[in-house]
Amino acid sequence: MTWMRGITCQLQQWKAARAQWKADMAEFKVAQKEARRKGERPENPGPPPTGFSLLPWLLMGMGSFSNLLQGKTSNPWIGGLGLFLFNSLYIYVVFRSFVKEKRQAVSTLVALIVMGLITCGLALGYGGSWLYFFPLLGLATGAVVRGPRLGQVGLALTTLAAAVSVYRAGWDAINVAYGTFLSTMVTAAILSLSEAVRELRAAREELARRAVEKERMRFSRDLHDLLGHTLSVIVVKSEAARRLAPRDMNAALDQITDIESVGRQALTEIREAVTGYREGSLATELDRARSALSAADIAPVVRQSGPPLTPQNEALLSWVVREAVTNVIRHSGATRCEITLDGVLDRVRLTIADDGPGDGGSPATGPAEGIGGTGLKGLTERLATAGGSLRAGPSPRGGFTVTAELPVEAAELTPSGVAASGSTAPREP
C-alpha cells in the first residue's frame, strides 16, 4: 500500500500546484487590467510556468489511443500498458522539470531514460502514429536538460528518432525527426529564457531593496551625527550664555550669536544630508570642535601633521571629529581633550583622547574595535566601507580614546605633496 500512498501524495501536490497557479494567474490578470487602465507598461511577467503548461501536448498521442480503441493495434494490452506508462512518466518528468533540485535529481533522469526506451519500443513495434511519441519525448527532454549538454542530447535524440522513423515508415517519416529536434530545442530555450527573466527580475528587486536600505542607513547616520553634535553645542553654549549673562552681557551675546550661527549651519547641513551631497571640511570641523569644547570648559589641544587628505578622507574624519567631540562634551566630564591628526605615506590616523572619568568611571580595559553607541557603530561602518577602521575605548592612563585610521589614496602620495604638507605646531586655545 506504500505505492498507493505515494500516488495519493503526488495527486495532492499536483492539486495544490494547480490551485496556486490559478491564484497567480488571477492576480496577474488583475495587474494587467490595472496597468492598461493607467496607461502603463505592465512589469509583472505573470505566474511562473508549471507542468500544466506542457500537459496539452499529450493530445499528440490521441492517434495511438484511437488505434487501440478501434482494434487496429496488435497486442492491444501491451500497447495500452506502454501508452499508460509513457503518459505517467511524461507527467512525472514535466512537473519535476520546473523545480531545479528535482530536475537535476537522478530519479528524474532515470524516468527520462525509461521514457526513451518505451518510446523506442512502441515506435519499433507499431510505427505509424506511435512515432509521434518522439516529439513528446523531445518536449520532456528539453524541459529537463538545460545547459551545455543540451545540444549533444538534442542531436542524439534527433538521430535516434530519424533512424527509428526511417526503419518503420521510410523517408516519408523524416518529419518526425525534425519535430523531435524542434520540440527539444525550442522547449529548452523558452523555459531557460523564462527562468532567466525571472531571476533577473528577482535580482533587480533585491538590488533596489538593498539600495533603499543603504540610503536609509546613510540618512539615519547623517541625521544622528548632525543633530547630536548640533544640539549638544547649542545646549553647551546656552548654558554658557546663562552663566555669563548676569556679569558679562557682551560675552553672553557672543554665545547667543554662536548659537544662531550653529543653528543656521545645521539647517544647511541637514538639507545637504537629505540630498546626499554633504562633504565635510576637516579644518572647519576642527574649528567648531575647538569652539564647542571651550564653551564646555574643556581645554582643546589640536595637532596636525602628515600629507594632505583626499576629499573623501576629509569628509569621513570630519564625521569622526564631530561624533567624538560630541561624546566628550556629553559624557566624559573631562577638563582636556586632545585631537591629533598624523599620517605616513600609506595611512592617516586621527585620535581624540580626553582625561575624563566617563559615565561609569570604570577602570581602563583597553580599546575595543567599534564599540560604543549608535554614532560610533555608524562611524565604524563608514570607515570599514572605505578600507579603514575605528577603535574606541578607555585609555590605560584614564579617559576615553577614539582612534580612526584610513588608507591614503595613492594619487595623493606624491613627494611634492608630502613635502609641502609639513607639520603644524600644537595649537592651544
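Residues numbered from 1 in each chain as written. Predicted model: local features only at pLDDT ≥ 70, side-chain atom pairs only at ≥ 80, totals over all residues. Heavy atoms only, no water.

Enquirer: Would you mind going over the overall build of the protein chain in detail, with residue names and values included?
Expert: Of the regular secondary structure elements, the protein chain holds 13 helices and seven strands. Taking the intrachain contacts of the protein chain between residues at least 6 apart in sequence as the baseline, contacts between residues at least 24 apart amount to 71%. Put simply, the protein chain shows about 24,100 Å² of open surface, and 61% of that area lies on carbon and sulfur atoms. (Helix = DSSP H or I, 4+ residues; strand = E, 2+ residues; numbered from the N terminus. Contact = heavy atoms within 4.5 Å. Areas by Shrake-Rupley, 256 points an atom, 1.4 Å probe, with all protein chains shown as cover.)

Enquirer: So what's going on with the pattern of salt bridges? Which residues, and what values?
Expert: Per the counting criterion, the structure on display carries 17 salt bridges. Its salt-bridge partner being R103, residue E195 comes within 3.8 Å of it at the nearest N-O pair. Highlighted residues: E195 in helix α8 (residues 174–244) and R103 in helix α4 (residues 100–103), separated in sequence by 92 residues. Residue class for E195 comes out partly exposed when judged on its relative accessible area of 26%. Look at R103 and you get buried, because its relative accessible area is 7%. Among the salt bridges present, the one from R347 reaches E405, with a minimum N-O distance of 3.5 Å. Residue R347 is found in strand β3 (residues 347–354), and its partner E405 is found in strand β6 (residues 400–407); the two are separated by 58 residues along the sequence. Bridged by salt links that share partners, the residues D342, R347, R349, R391 and E405 form one connected network. (Salt bridge = Lys/Arg side-chain N within 4 Å of Asp/Glu carboxyl O. Buried < 20%, exposed > 50% of the residue type's maximum accessible area, 1.4 Å probe, protein only.)

Enquirer: So what's going on with unusual backbone geometry? Residues and values would help.
Expert: Phi at N75 is positive, roughly 50°, even though this residue is not glycine. Of note, N75 is situated in the loop between α2 (62–69) and α3 (76–96). A positive phi angle, close to 60°, is found at D297, a residue other than glycine. Summarising the element assignment, D297 is placed in the loop between α10 (282–295) and β1 (299–305).

Enquirer: Tell me about the packing of α3 against helix α5 (residues 106–126), residues and numbers included.
Expert: α5 packs onto α3 with a crossing angle of 150° between their chain directions and a minimal axis gap of 9 Å. Put simply, α3 runs roughly antiparallel to α5. Crossing handedness for the pair α3 and α5: left-handed. Contacts between α3 and α5 involve I78, G79, G82, L83, L85, F86, L89, Y90, Y92, V93 and R96 on the former and, on the latter, S107, T108, A111, L112, V114, M115, I118, T119, L122 and Y126. (Axes fitted to C-alpha atoms, helices over the stretch in contact; angles between N-to-C directions. Parallel < 35°, antiparallel > 145°, perpendicular 65-115°, else oblique. Left-handed = near helix turned anticlockwise from the far one by under 90°.)

Enquirer: Which residues make up the packing of α10 against helix α11 (residues 311–332), and what are the values?
Expert: Put simply, α10 and α11 touch, their axes get as near as 9 Å, and they point 10° apart. With respect to α11, the element α10 is oriented roughly parallel. Of α11, the residues touching α10 (which contributes L282, E285, L286, R288, A289, A292 and L293) are E314, L317, S318, V321, R322, V325, V328 and I329. Looking at the contact of α10 with α11 residue by residue, the class counts come to 10 nonpolar, one polar and four charged. (Nonpolar A, V, L, I, M, F, W, Y, C, P; charged D, E, K, R; others polar.)

Enquirer: Describe in detail the packing of aromatic side chains, supporting the description with residues and values.
Expert: This structure, assessed with the given rule, holds four aromatic pairs. On the numbers, 4.7 Å between centres and 65° between planes, the contact of F86 with F133 is edge-to-face. Within this pair, whereas F86 is found in helix α3, its partner F133 is found in helix α6 (residues 133–144), the two being separated by 47 residues in sequence. Residue F86 is classed as buried on the basis of its relative accessible area, which comes to 0%. Measuring from centroid to centroid gives 5.8 Å for W130 and F133, while their planes differ by 40°, and the two rings are tilted. Under the relative-accessibility criterion, F133 is labelled buried at 1%. Through a chain of ring-to-ring contacts, the aromatic side chains of F86, Y90, Y126, W130 and F133 assemble into a single cluster. Above the ring of W319, the side-chain terminus of R382 is found at 4.5 Å from the ring centroid. (Phe/Tyr/Trp six-rings, centres within 6.5 Å; stacked < 30°, edge-to-face > 60°. Lys NZ or Arg CZ within 6 Å of the ring centre and 35° of its normal.)

Enquirer: Requested: an account of the nonpolar core, with residues and values cited.
Expert: Membership of the largest hydrophobic core comes to 36 residues, with the highest contact counts inside it found for Y90, L112, M115 and F134. In this structure, M115 is in contact with F86, L89, Y90, V93, L137 and A140, ignoring residues within four places of it in sequence. If you look at the next biggest cluster of nonpolar residues, it comprises 35 residues, including L286, I339, I352 and V402. (Core = buried A, V, L, I, M, F, W, Y, C linked by side-chain atoms within 4.5 Å.)

Enquirer: Outline α10, listing residues and values.
Expert: The end-to-end C-alpha distance of α10 is 20 Å, a good match for the 20 Å that 14 residues give at a rise of 1.5 Å each. Buried residues of α10: L282, E285, L286, A289, R290, A292, L293 and A295, and no others. Of the residues flanking the end of α10, it is D297, one or two places downstream, whose phi is positive at about 60°. (Expected span 1.5 Å × (residues − 1).)

Enquirer: Quick one: what's the story with a nonpolar patch on the surface, residue by residue and with numbers?
Expert: A grouping of L59, M62, F65 and L69 is seen on the molecular surface, where their side chains present a nonpolar patch of about 440 Å² in accessible area. Counting through the fold element by element, M62 comes out in helix α2. (Patch = residues over 30% accessible without salt bridge, like charges linked within 9 Å, V, L, I, M, F, W, Y side chains within 5 Å.)

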